[in-house]
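Coordinate inspection notes
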Amino acid sequence: MNIELMYEVLDEEKDKGRGYYQRTADRLGITEGSLRGHLNRNTRPSPQVAEHAREIAVERAKASKYKKKLDALLREQITFGEILDTIESKVRPYPTNRRCLDVDRVSGAGHPQDLALLLSDLHAAKVVPGDLTNGLNEFNLDILACRSWYLLEKVIAWIRAEKSQNDIKKIGIFVLGDLVNGDIHDRDGGRNECDMTHAAIWVGELLSQMIEIISREIPVEVITVPGNHGRCNIPKLVSSRPTDSWDWLACELARARFVGSTRVLWEGNEAWSNVMELQGYKFFASHGHELKTTLGLPWPAANRKFAERQAAELRRTGEQIHGMVFGHFHRVGSQRDVFISNGCMTGADSFGDLMGMSPVEPIQAGFKVDRERCIDNTYWFNLTDAPDSHGFSLPEIG
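Every chain begins its residue count from 1, and numbering advances along the sequence as written. Restriction of local features to residues with pLDDT of at least 70 applies here, the model being predicted, together with a cutoff of 80 or more for giving and counting side-chain atom pairs; totals for whole chains, interfaces and linings are based on all residues. Hydrogens are left out, water is left out, and the side-chain values use all remaining heavy atoms of the structure.

With that settled, the discussion passes to the packing of helix H6 (residues 141-165) against helix H7 (residues 196-215). Put simply, H6 and H7 touch, their axes get as near as 10 Å, and they point 15 degrees apart. Relative to H7, H6 is oriented roughly parallel. Note on packing geometry: the crossing formed by H6 with H7 is right-handed. Touching Leu141, Leu144, Ala145, Ser148, Trp149, Leu151, Leu152, Val155, Ile156 and Ile159 of H6 are Trp202, Leu206, Met210, Ile213 and Ile214, all from H7. All residues other than Ala, Val, Leu, Ile, Met, Phe, Trp, Tyr, Cys, Pro, Asp, Glu, Lys and Arg, Gly among them, are scored as polar; the first ten of these are nonpolar and the last four charged. Of the residues contributing to the contact of H6 with H7, the split by class is 14 nonpolar, 1 polar and no charged. Axes here mean lines fitted to C-alpha atoms, for a helix over just the part in contact, with angles spanning 0 to 180 degrees between N-to-C directions. Secondary structure counts use DSSP, requiring at least four H or I residues in a row for a helix and at least two E residues in a row for a strand, with both numbered from the N terminus. For classification purposes, angles smaller than 35 degrees are called roughly parallel, those larger than 145 roughly antiparallel, those between 65 and 115 roughly perpendicular, and all remaining angles oblique. Crossing handedness: left-handed means the near helix sits turned counterclockwise from the far one by under a right angle, and right-handed means the same turn made clockwise. By definition in these notes, contact holds between two residues if any of their heavy atoms fall within 4.5 Å.

Shown next, in the form of structure tokens:
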């Protein structure tokens, strides 16, 4: 019952003489005893309190209206159908059967081996001004393109060196999420260079060109998982699904370029995790945001997650998982030749400083898999000294 309305009606009936309690109760549709009980429990609100209550009611109505609009927007946004239809190179239906990759015949001697490259935490659209890191680092889309080209040059040199000495069959590329910076955090200065639709298209084009260039050197297999930054909904407001992600959209746009390719094997993924097989060994991939840690890299959490996945895979297929790769933590590291943590493309930012972390360098990881020894070597590709130029042809962001 609105106590303010109750007092207003009571004042009107008082002016009419005796019996005003009963008349007030009749108008309000309650008993006289109920009316007196309400009045005893609630003092007459002051004009200031009444005005404040009205303001609160107005704001609550606005918030409810905003939430309905936001829910409707998110329902449209996570479908991605209209976004895909606006892009010239529309996604075509994908074949469901696995295709056989061409195997290069020119290779060195030695054990059969595969290479693996981890790509994660590109954070396309993120802006890190130099003054936020005291001149230690800057980051934007152009710098990301330059670092990606520098990485590409290093990876091509690595592939050629390995092929000259070993029997290299293919390179597996693990795309481990956070390709797009997203809008879920504002502790990095709260600024993106463009909206997330443009960022997804831009980084999808970057990714497809990188993979196409690598595939000229060696057959490529790609698997993907989404990250937490790419989520295009708000946690706890609506449910979060792997496909409700700008990362997922960017990967689908890139993957469309390789339909029917015999040089690139890339099957879609609509889950938070994925598995790739290299030289008979299975590697479990996830972004890593589900791994909780209070200090350093999350090796105890990774061990628990690995054990869970190992048990699930044994139940499902009777086969083992031999390794685990993840990103998210922006720091490279490895443990027991089983777990490999990837770095980032951004480098130092204000978030790391806020959290008391030591500055990170832009690094991506690679490793080699030998049929006899599983993980044979790990490689850290440091991109700190990337030149201020690149050879990609990317969409212009207005």
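Picking up after the structure, the text goes on.
Our focus in this paragraph is the packing of aromatic side chains. Centre-to-centre distance and the angle between the planes together describe a pair of aromatic rings. Any Phe, Tyr or Trp ring, taking Trp's six-membered ring, that has another such ring centre within 6.5 Å forms a pair; planes under 30 degrees apart are called stacked, those over 60 apart edge-to-face, and the others tilted. For the coordinates displayed, the defined rule picks out 11 aromatic pairs. Ring centres of phenylalanine 283 and phenylalanine 367 lie 5.4 Å apart, and the angle between their planes is 50 degrees; on these two criteria the pair is classed as tilted. Of this pair, phenylalanine 283 sits in strand E6 (residues 281-286) while phenylalanine 367 sits in strand E10 (residues 363-370); the two residues are 84 residues apart in sequence, bridging distant segments of the chain. Accessibility classification places phenylalanine 283 together with phenylalanine 367 in one group, the buried group. Each residue's exposure class comes from its accessible area (1.4 Å probe, protein chains only) as a fraction of the maximum for that residue type: buried when under 20%, exposed when over 50%, partly exposed otherwise.

To continue, consider the nonpolar core. In this structure, Ile171, Ile173 and Ile214 are the most contacted members of the largest nonpolar core, which totals 56 residues. Of all the secondary structure elements, the ones that give two or more residues to this core are strand E1 (112-119), H6, strand E2 (167-175), H7, strand E3 (220-224), helix H8 (246-255), strand E4 (264-266) and strand E11 (374-382). Looking at which element gives the most residues to this core, the answer is H7, with 11 residues. With near-sequence residues (within four places) excluded, isoleucine 214 lies in contact with Leu117, Leu152, Val155, Ile156, Ile159, Ile171, Ile173 and Val220. We call a set of buried residues a nonpolar core when its members are Ala, Val, Leu, Ile, Met, Phe, Trp, Tyr or Cys and they connect through side-chain atoms within 4.5 Å of each other. Membership of the second largest hydrophobic core comes to 18 residues, among which are Ala116, Val325, Phe367 and Val369.

Definitions used for this entry: grid spacing 1 Å over protein atoms alone; cavity, a set of points where a 1.4 Å probe fits but cannot get out; pocket, an open set with protein on both sides within 12 Å along at least 5 of 7 lines; lining residue, one with an atom within 4 Å of a point. Grid points are joined across faces, edges and corners, and a volume is the space filled by probe spheres set on the points. Scanning the entire structure with this criterion turns up 2 cavities of 30 Å³ or more. Contributing to the lining of the largest cavity are Thr224, Val225, Pro226, Asp247, Trp248, Cys251 and Asn269. Looking at which element gives the most residues to the lining of the largest cavity, the answer is H8, with 3 residues. Residue classes in the lining of the largest cavity are distributed as 4 nonpolar, 2 polar and 1 charged. A volume near 30 Å³ is recorded for the second largest cavity. Of the residues forming the lining of the second largest cavity, the biggest block, 4 residues, is contributed by H8. The class makeup of the residues in the lining of the second largest cavity is 3 nonpolar, 3 polar and 2 charged.

A few words on the pattern of salt bridges. Where side chains of opposite charge bring their charged atoms close, a pairing between them can arise. Salt-bridge detection follows one rule: a side-chain nitrogen of Lys or Arg within 4 Å of a carboxyl oxygen of Asp or Glu. The final tally for this structure, using the stated rule, is 20 salt bridges. Between glutamate 12 and arginine 27 there is a salt bridge whose closest N-O contact spans 2.9 Å. With glutamate 12 in helix H1 (residues 3-14) and arginine 27 in helix H2 (residues 20-28), this pair connects stretches of sequence that are 15 residues apart. Note on arginine 27: relative accessible area 47%, which makes it partly exposed. Notably, a salt bridge pairs aspartate 376 with lysine 368, separated by 3.7 Å at the nearest N-O pair. Given a relative accessible area of 22%, aspartate 376 falls into the partly exposed group.

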